[in-house]
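Listed below are the residues making up each chain.
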Amino acid sequence: MNLRNPITNAPLPTAVDTICAHWRAGGATSRNAGTGMHDTIELRCNWHGPGGVAPSLGAQDSIELRQFAAYAELRRKEGWVPYRTEQRVFDGPHQLAGAVDMQWMREDGERTPEGALVILLADWKRSDKLSKPSYGEKGLGPLSAYDACPASEYSLQLGLYRWVLERHHGVHVARMEIVAMHPNMEAAQIMEATMPRDVIDAVMQVRAEQVRTGETIYKLRARLEREALPHGDDLR
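Keep in mind the model is a prediction, meaning the values are calculated, not measured. (Residues numbered from 1 in each chain as written. Predicted model: local features only at pLDDT ≥ 70, side-chain atom pairs only at ≥ 80, totals over all residues. Heavy atoms only, no water.)

K.L.:
Now, about the pattern of salt bridges: what can you tell me, with residues and values included?
P.N.:
Applying the stated rule across the entire model yields 17 salt bridges. Note that Asp201 and Arg167 form a salt bridge whose closest N and O atoms lie 3.3 Å from each other. Within this pair, whereas Asp201 is found in helix H4 (residues 197-213), its partner Arg167 is found in helix H3 (residues 150-168), the two being separated by 34 residues in sequence. Exposure remark for Asp201: the relative accessible area of 29% places this residue in the partly exposed category. On the basis of relative accessible area, Arg167 is assigned to the partly exposed category, the value being 44%. The residue Arg223 makes a salt bridge to Glu227 at a minimum N-O spacing of 3.1 Å. One end of the pair, Arg223, and the other, Glu227, are both in helix H5 (residues 217-228), four residues apart, so they sit about a helical turn from each other. For Arg223, a relative accessible area of 22% gives the class partly exposed. (Salt bridge = Lys/Arg side-chain N within 4 Å of Asp/Glu carboxyl O. Helix = DSSP H or I, 4+ residues; strand = E, 2+ residues; numbered from the N terminus. Buried < 20%, exposed > 50% of the residue type's maximum accessible area, 1.4 Å probe, protein only.)

So this is what it looks like as structure tokens:
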């Protein structure tokens, strides 16, 4: 039975409502903290004022940013320097767009024999669950060999960025890494993203066909699940 306020006749919150409200509030807090972390890292990397170090930003000068500073020092010792932050990229024919958190370049401006600038891609995650297991679930289509888990999803994300950057922006991506920072961890967790180029090419072929036919993401998933059935792939 739905309980109502005896004066206003408005529905009273249930236990489910309370739980959902708690989840929504927690999600908003995490999203805001993640956005703040991204913004502050961008400012730190682009600061050109006195001393070469961005000023303290109060509450945002946090555990996560200390973890970032330690990570950035590791890259500096390897000879990498900031190149671009939060670059918006897109590929029109495939209707693909995104924002690349961080690109590092070699201090000496190394280029390939073909003249492409050598870069390292990094993607920030405010998370302590980078190693969350897949519980046996697998991807679909070209990704059927990969676990359905955050690490695979983030590796795919960086692989797609690499695909766009190398085709449209005159760079060569030498390495890709996911950098997780969170107050619950003592140091940043750095995981190299190793999604092969041929797998990304296959994903983009599927995407091109989807764009050509106007297939929705839900129909695409259903089709890939049907195609996986004879091979015994895990269905979701």
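K.L.:
Describe H4, naming the residues involved and giving the relevant values.
P.N.:
An ideal rise of 1.5 Å per residue puts 24 Å on 17 residues; H4 measures up with 24 Å between its terminal C-alpha atoms. Along H4, the residues that are buried comprise Val199, Ile200, Val203, Met204 and Gln210. Down the axis of H4, the smallest arc covering the buried residues is 135 degrees, so these residues share one side. Of the exposed residues in H4, those oriented more than 90 degrees away from the buried face are Asp198, Gln205 and Arg212. Of the surrounding elements, those touching the buried residues of H4 are strand S2 (96-106), H3 and H5. Where H4 terminates, the next one or two residues include Gly214, which has phi positive at roughly 75 degrees. (Expected span 1.5 Å × (residues − 1). Arc of directions from axis to C-beta. Contact = heavy atoms within 4.5 Å.)

K.L.:
Please set out unusual backbone geometry residue by residue, giving values where relevant.
P.N.:
In the Ramachandran plot, Glu86 falls in the positive-phi region, its phi being about 50 degrees despite a non-glycine side chain. Judged by relative accessible area, Glu86 falls into the buried class, the value being 15%. With a phi close to 50 degrees, Gln95 is a non-glycine residue in the positive phi region. Turning to its location among the elements, Gln95 is positioned in the loop between strand S1 (80-91) and S2. You can call Gln95 exposed: its relative accessible area is 56%.

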